[in-house]
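# Examination of the molecular architecture
Below are the chains, spelled out letter by letter.
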Protein chains: 2
Amino acid sequence: MVEYSIQLNSVFSSLADPTRRDILRRVARKELSVSEIAQSYKLTFAAVSKHLTMLEKARLIHKRQEGRQHMISLSPRALKGAATYLRHYDGMWRGRLDSLEHYLDRGKTHVR
Amino acid sequence: MVEYSIQLNSVFSSLADPTRRDILRRVARKELSVSEIAQSYKLTFAAVSKHLTMLEKARLIHKRQEGRQHMISLSPRALKGAATYLRHYDGMWRGRLDSLEHYLDRGKTHVR
DNA sequence: AGAATATTCAACCATTTAGTTGAATGATAA
DNA sequence: TTATCATTCAACTAAATGGTTGAATATTCT
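Below or above, wherever it landed, is the structure these notes cover. Here the structure is a predicted model, which means the values were calculated and not measured.

Another aspect to go through is the sheet that holds strand β2 (residues 61-66) of chain A. All names here are of chain A. Reading across from one edge, β1-β3-β2 is the order of the 3 strands in this open sheet, with antiparallel pairing throughout. In the strand order of this sheet, the two ends are held by β1 (32-33) and β2, each with one partner. Contacts from helix α2 (residues 18-29) reach β1, β2 and β3 (69-74) within the one sheet, and its direction differs from that of β3 by about 95 degrees.

Taken together, 25 residues are adjacent to DNA strand C, and A:S35, A:S49, B:T44, B:K50 and B:H51 come closest. Contact distances for DNA strand C include 3.1 Å between a sugar or linking oxygen and a side-chain N or O atom of A:R68. Of all elements in the fold, only α3 (34-39), α4 (45-57) and β3 of chain A together with α4 (45-57) of chain B reach the threshold of two or more residues within the surface near DNA strand C. It is α4(B) that contributes the most residues to the surface near DNA strand C, 5 residues altogether. Looking at the surface near DNA strand C residue by residue, the classes come out as 8 nonpolar, 9 polar and 8 charged.

Summed over the entire model, instances satisfying the criterion amount to 5 aromatic pairs over all chains. With a centroid separation of 5.9 Å and 25 degrees between ring planes, the pair formed by A:F12 and B:F12 is classed as stacked. With A:F12 in helix α1 (residues 7-15) and B:F12 in helix α1 (residues 7-15), the pair connects residues from two separate chains. Just as A:F12 is buried, B:F12 falls in that class too. Ring pairs connect the aromatic residues A:F12, A:Y85, A:Y89, B:F12, B:Y85 and B:Y89, which therefore count as one cluster.

What follows concerns unusual backbone geometry. Glycine aside, negative phi is the norm for most residues, and most peptide bonds take the trans geometry. Phi is positive for A:R59, which is not a glycine, with a value near 60 degrees. By the secondary structure assignment, A:R59 is in the loop between α4 and β2.

It is worth spelling out the sheet that holds strand β2 (residues 61-66) of chain B at this point. Residues and elements named next belong to chain B. Read from one edge to the other, the open sheet built from 3 strands follows the order β1-β3-β2, with strand pairing classed as antiparallel. Strand pairing shows two members of the sheet lacking a second neighbour, β1 (32-33) and β2, which therefore form its edges. Pairing geometry for β1 and strand β3 (residues 69-74), over 2 bridges, is antiparallel. Residue L32 lies in a different strand from β3, and its bridge partner there is I72.

To continue, consider the protein's contact with DNA strand D. Around DNA strand D, the surrounding shell holds 24 residues, and the nearest of these are A:T44, A:K50, A:H51, B:S35 and B:S49. When the atoms of DNA strand D within 4 Å of the protein are grouped by moiety, sugar and phosphate amount to 73% of the total. Within the contact set of DNA strand D, a phosphate oxygen lies 2.6 Å away from a side-chain nitrogen or oxygen of A:T44. Within the contact set of DNA strand D, a phosphate oxygen lies 2.7 Å away from a side-chain nitrogen or oxygen of B:S49. Taken together, the elements giving at least two residues each to the surface near DNA strand D come down to α4 of chain A together with α3 (34-39), α4 and β3 of chain B. Top contributing element to the surface near DNA strand D by residue count: α4(A), with 5 residues.

What describes two packed helices is the angle between their axes and the distance between those same axes. Residue and element names in this part refer to chain A. Where α2 contacts α4, the axes come no closer than 10 Å and their chain directions differ by 70 degrees. The pairing of α2 with α4 is recorded here as roughly perpendicular in orientation. Packed against α2, whose contacting residues are T19, R20, I23 and L24, the element α4 presents H51, L52, M54 and L55 at the interface. Looking at the contact of α2 with α4 residue by residue, the classes come out as 5 nonpolar, 2 polar and 1 charged.

What counts and how
- For every chain, the first residue of its written sequence is number 1, and the numbers climb from 1 along that sequence.
- Chain letters and ligand numbers both follow the written order, the letters beginning at A and the numbers at 1.
- At least 70 in pLDDT is required for a residue's local features to be given in this predicted model, at least 80 for side-chain atom pairs to be given and counted, and no such filter applies to totals for whole chains, interfaces and linings, which use all residues.
- Hydrogen atoms and water are omitted, and side-chain values are computed over all heavy atoms in the structure.
- The pairing criterion is simple: DSSP has to find at least two bridges between the two strands.
- Strands here mean DSSP runs of E at least two residues long; helices mean DSSP runs of H or I at least four residues long; both are numbered from the N terminus.
- Contacts: residue pairs with any heavy atoms within 4.5 Å of one another.
- Angular values range over 0 to 180 degrees, each being the angle between N-to-C directions of two axes fitted as lines to C-alpha atoms, with helices fitted over their stretch in contact.
- Here a residue is considered near a molecule or strand provided that any single heavy atom belonging to it is located within 4 Å of it.
- Any pair of N or O atoms that falls within 3.5 Å is considered a polar contact. Within protein, one atom must be able to donate a hydrogen and the other to accept it, and sequence-neighbouring residues count only if both atoms are side-chain atoms.
- Residues are grouped as follows: Ala, Val, Leu, Ile, Met, Phe, Trp, Tyr, Cys and Pro are nonpolar; Asp, Glu, Lys and Arg are charged; all remaining types, including Gly, are polar.
- Any two of the Phe, Tyr and Trp rings considered here, Trp counted by its six-membered ring, make a pair once their centres fall within 6.5 Å; the pair's planes then place it as stacked at under 30 degrees, edge-to-face at over 60, or tilted in between.
- Accessible area is worked out with a 1.4 Å probe on protein chains only. A residue is then buried under 20% of its type maximum, exposed over 50%, and partly exposed in between.
- Throughout, the term roughly parallel applies to angles under 35 degrees, roughly antiparallel to angles over 145, roughly perpendicular to angles from 65 to 115, and oblique to all others.

As structure tokens, then:
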């Protein structure tokens with residue numbers, strides 16, 4: 001709430017669902033139609049369509065219409081924001097990492 | 001659903017909430033008690049406590065008890081999984097990026 | 001025009017989430 | 001022991017999520 005980037009909300013909630021992550025993985029390799037995507041899951045067409053709507057709102061995919069088919073491709077710009085966010089924490093698991101010493105220090109202060 | 005990592009679910013849903021991201025940012029700088037954290041938000045104590053429970057389940061924070069206070073610190077191991085996931089897509093926004101040429105190519109195939 | 005194909009919309013349901021309030025637990029201080 | 005402080009639990013509500021089914025829309029084929 002004290003934070004700048006509202007986009008991270010939709011990007012991270014999109015990534016929180018395994019079906020959506022799987023869709024991203026697949027359209028990253030190759031542009032696919034909605035039908036081609038939907039066939040891979042035990043879900044209804046409508047359910048997959050909803051997932052795609054979410055991914056599109058988060059700007060993680062791009063949808064273009066080709067005849068009666070809607071072709072989906074990855075639009076990785078938004079992912080970059082999330083990656084940048086996480087990279088921010090990169091130093092943390094190198095420096096004061098959850099290493100053995102870390103836990104040993106924890107132990108000490110805990111006894112205090 | 002076709003996917004390996006179940007942990008990514010809880011990590012990404014944790015990151016989807018701006019309050020939780022803000023908590024992470026703050027405890028990354030300095031270990032803080034639950035009270036100290038809660039004071040910064042207009043939420044009730046209980047609400048913040050719930051956020052912390054979520055972050056702990058996602059293994060993004062570590063909670064240790066010191067007297068009657070519970071001290072919270074960042075536990076960045078889990079974030080690494082998310083970062084690794086995103087790094088997977090790193091090449092994408094360098095190579096076939098949403099650049100001008102990309103859209104021009106799109107235009108061509110679209111006409112076909 | 002009519003049929004078939006591809007996708008979305010609308011209405012609904014169950015579950016989860018984010019919040020509240022008030023009581024309960026646990027630890028320290030008087 | 002009693003009071004106080006720090007935190008959580010329980011019960012509740014409103015909204016969001018992830019799913020369904022069936023109708024609606026848009027495009028292409030005959």
